[in-house]
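Inside the fold
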Amino acid sequence: MGHVRARSRPSAGALAVLGLAVIFFVLPLAATVQFSLQHGSQAITLAPYQEIVSDPLFWGSLQFSVTMALLTIVLGMLVVVPAAYWVRLRLPQAHGVVEFICLLPFVVPGVVLAIGLARAYGSGNAGPLSNFQVLLVGAYTVLSLPFLFRAVDSGLRAIDVRTLTEAALSLGAGWPAVLWRVVLPNIRAGLLAGAFLVFAIVLGEYTIASLLGFSTLGVYTELEGAAHAHAAAALVVLSFALVWSCIGLMQIVSGGGTRMLEGGGAR
Amino acid sequence: MTQAASRAPAASAAGVRMRLRRGLVLVGLLPFAAFAVVFLLIPTALLVIRGLVGPSGRFSLANVSQLTAPQYIDAYRTSITLSAITAAGGGVAGFLLAWAVVSGGLPRRLRSVAFTFSGVAANFAGVPLAFAFASTLGPLGLLTVFMRNSLHYDPYTHGFTLFGFTGLAITYLYFQIPLMLLVVTPAITGLRREWPEAAASLGASPFTYWRRVAFPILRLPLLGGMLLLFGNSFGAYATAYALTTGLINLAPLLIGQEMTGNVVYNPGLGSALALGMVVVMSITFAFYALLRRRAARWGT
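Computed from a predicted structure; not experimentally measured.

Cut-offs used in this document
Residues numbered from 1 in each chain as written. Chains lettered and ligands numbered in written order. Predicted model: local features only at pLDDT ≥ 70, side-chain atom pairs only at ≥ 80, totals over all residues. Heavy atoms only, no water. Helix = DSSP H or I, 4+ residues; strand = E, 2+ residues; numbered from the N terminus. Buried < 20%, exposed > 50% of the residue type's maximum accessible area, 1.4 Å probe, protein only. Contact = heavy atoms within 4.5 Å. Areas by Shrake-Rupley, 256 points an atom, 1.4 Å probe, with all protein chains shown as cover. Buried area = accessible area lost by both parts, 1.4 Å probe. Salt bridge = Lys/Arg side-chain N within 4 Å of Asp/Glu carboxyl O. Patch = residues over 30% accessible without salt bridge, like charges linked within 9 Å, V, L, I, M, F, W, Y side chains within 5 Å. pLDDT = per-residue confidence, 0-100.

**Re the overall build of chain B**
Assigned secondary structure in chain B consists of 13 helices and 0 strands. Beginning at the N terminus, the succession of helices and strands in chain B can be written as α-α-α-α-α-α-α-α-α-α-α-α-α. Buried positions account for 49% of the 300 residues belonging to chain B. Sequence-distant contacts in chain B: of pairs separated by 6 or more residues, those separated by 24 or more amount to 69%. When the accessible surface of chain B is summed, it comes to about 14,400 Å², and 67% of that surface belongs to carbon and sulfur atoms.

Here's what the structure looks like:
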């Protein structure tokens, strides 16, 4: 008993490290909040926030970013779920290849991807691929491949895919029913977690959006910063709160799992 | 009757097996393969190939040899130095923080708080992060003003600027440290509580335990985490662009300039720069994969 107590007493070194970390990580946030509450000679005011919410450009870019994020989630699921499922069910020898492709976005930086897409299809003779909005959603889906694949694959690993599929088929279910009513409900937590992470990443993305010429939330923040610094700070506080709630929700639905968080999104 | 009953399930099992096989055509890997080819492989390959093709359309090292100009060498050198420094610094700091949280005797609840926060901070990059640091360490930032007024030390008259290399490195640590914490924590949790006790009962000092037991086990995960951090920083664009308004000479920023033609327009050179980045990233992740495999053999 005394032994257990002695173990749980924090060491001085750990406290020092933690204290430094808290300062390093909280100070920039506190400074941003403080900066966002100033306006002209006023020390504390909500004017920067009012400036943001009364700017139609803000709502336009927010709406655009949310739309892109949702489209990315849908396209990502359509691409990743059947592949991950099929590899588990029938082609375990292809698992390594699919995983490798899903990790490639770590090797291809956002700048390279954006410019590669614009060069390959942007000239206007590639049908729907010459639509830059299609390219943007495609690029975001590429960015989210590592996270989505990991979420779906670890969800599938936890269930007996083969037995469930055979049971469903022998009960007369068709393939759409197998995927939609048997597989999906079993990996819902992982899917939701992946979706929240993708949402957070896409919402703040700047590199690809600016190179392809779109005004997403990230691009709007950059422009706003050049013109109205305090309003931009307010925007940063809002976007941090948004990312925080997305990641928080992700951790709640995935039961506190952190496996998905390795590797960042768009820097 | 008995015969029919025993045959019926066999037939349906065969039917299931057949439908499993037929499903290959229906669900398959087709959407995934098509997507990867169209949106990832073709654009990257085209860019890389264009870096290796001259104006005549034949294989040529003309574009790549342009990279030896001092400006581009300098961009790669700065990018690699920045990534190496923030990977080493962020790696060590992230490891210490993970160590403190996991085995520092701090309340257990702190662990999930640290994890969740790290998840947010590792994804809190780009423009918002640049702003947060400008509000802190910019010429009129909270910390700068505090140092100037209360400590009578003005970093900006002593050669410091947030909008250069040092400032960028400090800013990058904000996403590097949390990423390291997320990557390395599983390895630290893998160290058994009994091991330091066993080592102590054999007469080892805490330092000896560290040098002979903990460090050899943690060495590979630590190195792997730092490689991941290196790649993470090497590909970063938005944070550097927003913080320095594109003025620092980094490889990703150069590519953006060459390709969009804001300053100079030279797509051949841009492709060569992109090729160089993909090569550096590929080497980094090849080593990372190798380390992961070796670490897996150790069961950590």
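**Some details on the interface of chain B and chain A**
Tallying the contact residues gives 87 residues for chain B and 90 residues for chain A. For the chain B and chain A pair, buried surface summed over both sides reaches about 7,600 Å², with 77% attributable to carbon and sulfur atoms. Counting the contacts that link chain B with chain A gives 0 salt bridges. The element contributing the most residues to the side of chain B that touches chain A is helix 2 (residues 30–51) of chain B, with 14 residues.

**Description of unusual backbone geometry**
For H152(B), which is not a glycine, the phi torsion comes out positive at approximately 55°. By the secondary structure assignment, H152(B) is in the loop between helix 7 (142–150) and helix 8 (165–189).

**Some remarks on a nonpolar patch on the surface**
Residue and element names in this part refer to chain B. On the surface, a nonpolar cluster with roughly 380 Å² of combined accessible area is contributed by V279, I283, F287 and L290. Of note, V279 is situated in helix 13 (residues 267–298). Classification of V279 by relative accessible area gives partly exposed; the value is 41%.

**What about the confidence of the model for chain A?**
Residues and elements named next belong to chain A. For chain A, mean pLDDT is 83; residues scoring 70 or higher make up 92% of the total. Within chain A, the element-level pLDDT minimum falls on helix 1 (residues 2–7), averaging 44, and the maximum on helix 2 (residues 12–36), averaging 92. Confidence over residues 1–6 falls short of pLDDT 50; this stretch has 1 contact with residues more than four positions distant or in other chains. Note that pLDDT drops below 50 for residues 258–264; the model gives that stretch 34 contacts with residues more than four away or on any other chain.

**Section: the pattern of salt bridges**
Summed over the entire model, instances satisfying the criterion amount to 4 salt bridges over all chains. Of the charged contacts in the structure, one is a salt bridge between R162(A) and E166(A), with a shortest N-O distance of 3.1 Å. With R162(A) and E166(A) both in helix 8 (residues 161–170) and 4 residues apart, this pair spans about one turn of that helix. The class of R162(A) is partly exposed, set by a relative accessible area of 35%. Between R148(B) and D154(B) there is a salt bridge, with the nearest N and O atoms lying 2.9 Å from each other. Judged by relative accessible area, D154(B) falls into the buried class, the value being 15%. If you follow the salt bridges from partner to partner, you end up with R88(A), D153(A) and R157(A) in one network.

**Quick look at the environment of A94(A)**
Tracing the sequence through the fold places A94(A) in the loop between helix 4 (56–89) and helix 5 (95–103). Residue classification places A94(A) among the buried residues on the basis of a relative accessible area of 15%.

**Concerning the environment of A195(A)**
Residue and element names in this part refer to chain A. Checked against the element boundaries, A195 lands in helix 10 (residues 188–204). Note on A195: relative accessible area 12%, which makes it buried. Distance from A195 to C246, taken between C-alpha atoms, is 9.1 Å for residues 51 residues apart in sequence. Here A195 is in contact with I73, M77 and L148, once residues within four sequence places are set aside.

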